[in-house]
Amino acid sequence: MWRLALLSLLGASFFSVLASAQEPTPDDVQSAAAAFGEAQRAQLRGDYAQAADLFELADRSAPNAVALRSAIRNRRAASQASGAATLAAEALTRYPDDAETHALAEETLAELAPTLAALHVTCAPACSLSLDGRAANDRALERFDLYVAPGEHEVAASWGSGAPLTRALSAVAAQEESFAFEAPPVEAVVAEVIPEGVAAPEPPPEPPPPPPSGLHPAIFGSLAGLAVLGLGITIGSGVDTLDAASAYRSAPTQAGYEDGIGRELRTNVLIGVTSAVAVTALVLLFFTNWEGDGPSERVALLPSFSVSPDGASLALAGRL
């Protein structure tokens, strides 16, 4: 029961700290409270490593001394000395005037620091740091104070783009090591310079023009000529039919009637054929390539079509 009472007290303290926090958003506070509750349940089960992870998550979501102290205690209970000492050093920096946090951090460092190596890393500008392939913090910083177990380690600093800078170290207990990382300069783009006396490369040849589209003007010209020819023949046939009709009215005979019917049929056929050719030529007018195949073969033709009370005309003006 004493454990439950203690956890309830810790929870109340945690929520009172969250209520006074200014930076976290309501969503951050909600996430921190959920992580804190899960951490308490993991601590009751004796899963101190998971509890420490969850208390740290609560502290990252809404930074507060209660969650940070709980993370330190559970790292110690899980025998994770380097993690507990690193959190204790961070607690001294973040909460120098909090008596309870200061006392726990000093006690933790006094117990664990002699068995660990202190590592002080600076970055210019702020970098993301990883230790042995694991992130040392969830955000980019200019300074990192870490405690590591004795032995071989690798530290890597990255700035979001490019390959990270790495450094190997051999940590010795109760000793400190400091080093700095500087972001590599951005590679400048060097323009290609042509040495004096060397001819500049010729520009690539222009691609050939696309093949011409549309019908050749000769097709339209042929149809237009046929239409004009048909129009002349049709007019002549019509005049001949009118003459036959006049002769029949002057002297009506069976032979004259049959001759007039034949001439009328011939004229009607000519009208139909000539009209079809003229309409086809008019339609092809809009699908004809008047530009020709190239500058040397340019066709300068300007078609025109006009209608008047005396009839209709189709003309081509220009140069072939």
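Higher on the page you've got the structure.
Residues numbered from 1 in each chain as written. Predicted model: local features only at pLDDT ≥ 70, side-chain atom pairs only at ≥ 80, totals over all residues. Heavy atoms only, no water.

What about the overall build of the chain?
Let me state the cut-off plainly: Helix and strand definitions follow DSSP, with helices as H or I runs of at least four residues and strands as E runs of at least two, each counted in order from the N terminus. All accessible-area figures derive from a Shrake-Rupley calculation using a 1.4 Å probe, and residue coverage is judged against the displayed protein chains alone.
Assigned secondary structure in the chain consists of 8 helices and 8 strands. Of the accessible surface of the chain, which amounts to about 20,300 Å², a share of 60% is contributed by carbon and sulfur atoms.

Focus: the packing of aromatic side chains
Here is the rule we go by: Paired rings are identified among Phe, Tyr and Trp, the last through its six-membered ring, by centres lying within 6.5 Å, and are further divided according to the angle between planes into stacked (under 30 degrees), edge-to-face (over 60) and tilted (the rest).
A complete count under the given rule lists 2 aromatic pairs for this structure. The interplanar angle of 70° and the centroid separation of 5.1 Å between the aromatic rings of Phe36 and Phe55 together place this pair among those described as edge-to-face. A residue pair is termed long-range when its members are at least 10 positions apart, and Phe36 in helix α2 (residues 26-45) and Phe55 in helix α3 (residues 48-61) qualify at 19 residues. Where Phe179 meets Phe181, the ring centres are 5.5 Å apart and the plane angle is 90°; that geometry is what we call edge-to-face.

Quick look at α2
Basically, it comes down to this: Helix span is expected to be 1.5 Å times the residue number reduced by one. Throughout this description, buried means an accessible area under 20% of the type-specific maximum (1.4 Å probe, protein chains only), exposed means over 50%, and partly exposed covers the range between.
In a regular helix each residue adds 1.5 Å, so 20 residues correspond to 28 Å; α2 covers 29 Å between its end C-alpha atoms and thus fits that length. Within the sequence span of α2, burial applies to Ala32, Ala33, Ala35, Phe36, Gly37, Ala39, Gln40 and Ala42. The positive-phi residue at the C-terminal boundary of α2 is Gly46, with phi of around 85°.

Section: the pattern of salt bridges
Where we set the bar: The working definition used for a salt bridge is a side-chain nitrogen of Lys or Arg within 4 Å of a carboxyl oxygen of Asp or Glu.
Within this structure, the stated rule accounts for 14 salt bridges. For Asp59, the salt bridge identified is with Arg94, shortest N-O distance 2.8 Å. Of this pair, Asp59 sits in helix α3 while Arg94 sits in helix α5 (residues 81-94); the two residues are 35 residues apart in sequence, bridging distant segments of the chain. Residue classification places Asp59 among the buried residues on the basis of a relative accessible area of 8%. A single network of salt bridges, built from pairs that share partners, joins Arg69, Arg73, Asp98 and Glu100.

Observations concerning a nonpolar patch on the surface
Rule in force here: Like-charged residues within 9 Å of one another, or nonpolar side chains (Val, Leu, Ile, Met, Phe, Trp, Tyr) within 5 Å, are grouped into patches, provided each residue has over 30% relative accessible area and no salt bridge.
On the surface, Leu215, Ile219, Val279, Val283, Phe286 and Phe287 cluster together into a nonpolar patch covering about 580 Å² of accessible area. Within the fold, Ile219 resides in helix α7 (residues 217-250).

Description of the environment of Glu111
Worth spelling out the cut-off: Polar contacts, as counted here, are pairs of nitrogen or oxygen atoms within 3.5 Å of one another; within protein the pair requires one atom able to donate a hydrogen and one able to accept it, and residues that are adjacent in sequence qualify only if both atoms are side-chain atoms.
Inspection of the secondary structure assignment puts Glu111 in helix α6 (residues 99-112). You can call Glu111 partly exposed: its relative accessible area is 46%. Along the sequence, Glu111 and Ala85 sit 26 residues apart, while their C-alpha atoms lie 9.0 Å from each other. Polar side-chain contacts of Glu111 include one of 2.4 Å to the side chain of Arg76.

A short note on the nonpolar core
We apply this condition: Residues enter a nonpolar core if they are buried and are Ala, Val, Leu, Ile, Met, Phe, Trp, Tyr or Cys, with the set joined through side-chain atoms within 4.5 Å. Two residues form a contact once any of their heavy atoms are found within 4.5 Å.
Membership of the largest hydrophobic core comes to 30 residues, with the highest contact counts inside it found for Phe36, Phe55, Ala58, Ala85 and Tyr147. Those elements giving two or more residues to this core turn out to be α2, α3, α4 (65-77), α5 and α6. When near neighbours in sequence (up to four residues on either side) are disregarded, Ala85 contacts Thr108, Leu109, Leu112, Leu116 and Tyr147. Core analysis: the second largest hydrophobic core is formed by 16 residues, Val121, Leu131, Leu169 and Phe179 among them.

Details of the environment of Val186
With respect to the helices and strands, the residue Val186 is situated in the loop between β6 (176-182) and α7. For Val186, a relative accessible area of 77% corresponds to the exposed category. For the pair formed by Val186 and Gly162, sequence separation is 24 residues and the distance between their alpha carbons is 9.4 Å.

Quick word on the packing of α2 against α3
Operational definition: Here an axis means a line fitted to C-alpha atoms, over the contact stretch when the element is a helix, while the angle between two N-to-C directions is reported on a 0 to 180 degree scale. Note on terminology: angles under 35 degrees are roughly parallel, angles over 145 are roughly antiparallel, angles of 65 to 115 are roughly perpendicular, and the others are oblique. For any pair of crossing helices, the crossing counts as left-handed if the nearer helix is rotated counterclockwise from the farther one by less than a right angle, and right-handed if it is rotated clockwise. Each residue gets one label: Ala, Val, Leu, Ile, Met, Phe, Trp, Tyr, Cys and Pro are nonpolar, Asp, Glu, Lys and Arg are charged, and the others, such as Gly, are polar.
Axis separation between α2 and α3 bottoms out at 8 Å; the angle between their running directions is 165°. In terms of orientation, α2 and α3 fall into the roughly antiparallel class. The two elements α2 and α3 meet at a crossing, and its hand is left-handed. Every residue of α3 that contacts α2 at Asp28, Ser31, Ala32, Ala35, Phe36, Glu38, Ala39, Gln40, Ala42, Gln43 and Arg45 is listed here: Tyr48, Gln50, Ala51, Leu54, Phe55, Leu57, Ala58 and Ser61. For the contact of α2 with α3, the residue count by class is 11 nonpolar, 5 polar and 3 charged.

What about the packing of α4 against α6?
Put simply, α4 and α6 touch, their axes get as near as 10 Å, and they point 25° apart. It follows that α4 is roughly parallel to α6 by the angle criterion. The interaxial crossing formed by α4 with α6 has left-handed handedness. Contact with α4, carried on its side by Ala65, Arg69, Ile72, Arg73 and Arg76, involves Glu100, Thr101, Leu104, Glu107, Thr108, Glu111 and Leu112 of α6 and no other residues of that element. Of the residues belonging to the contact of α4 with α6, the class tally is 4 nonpolar, 2 polar and 6 charged.

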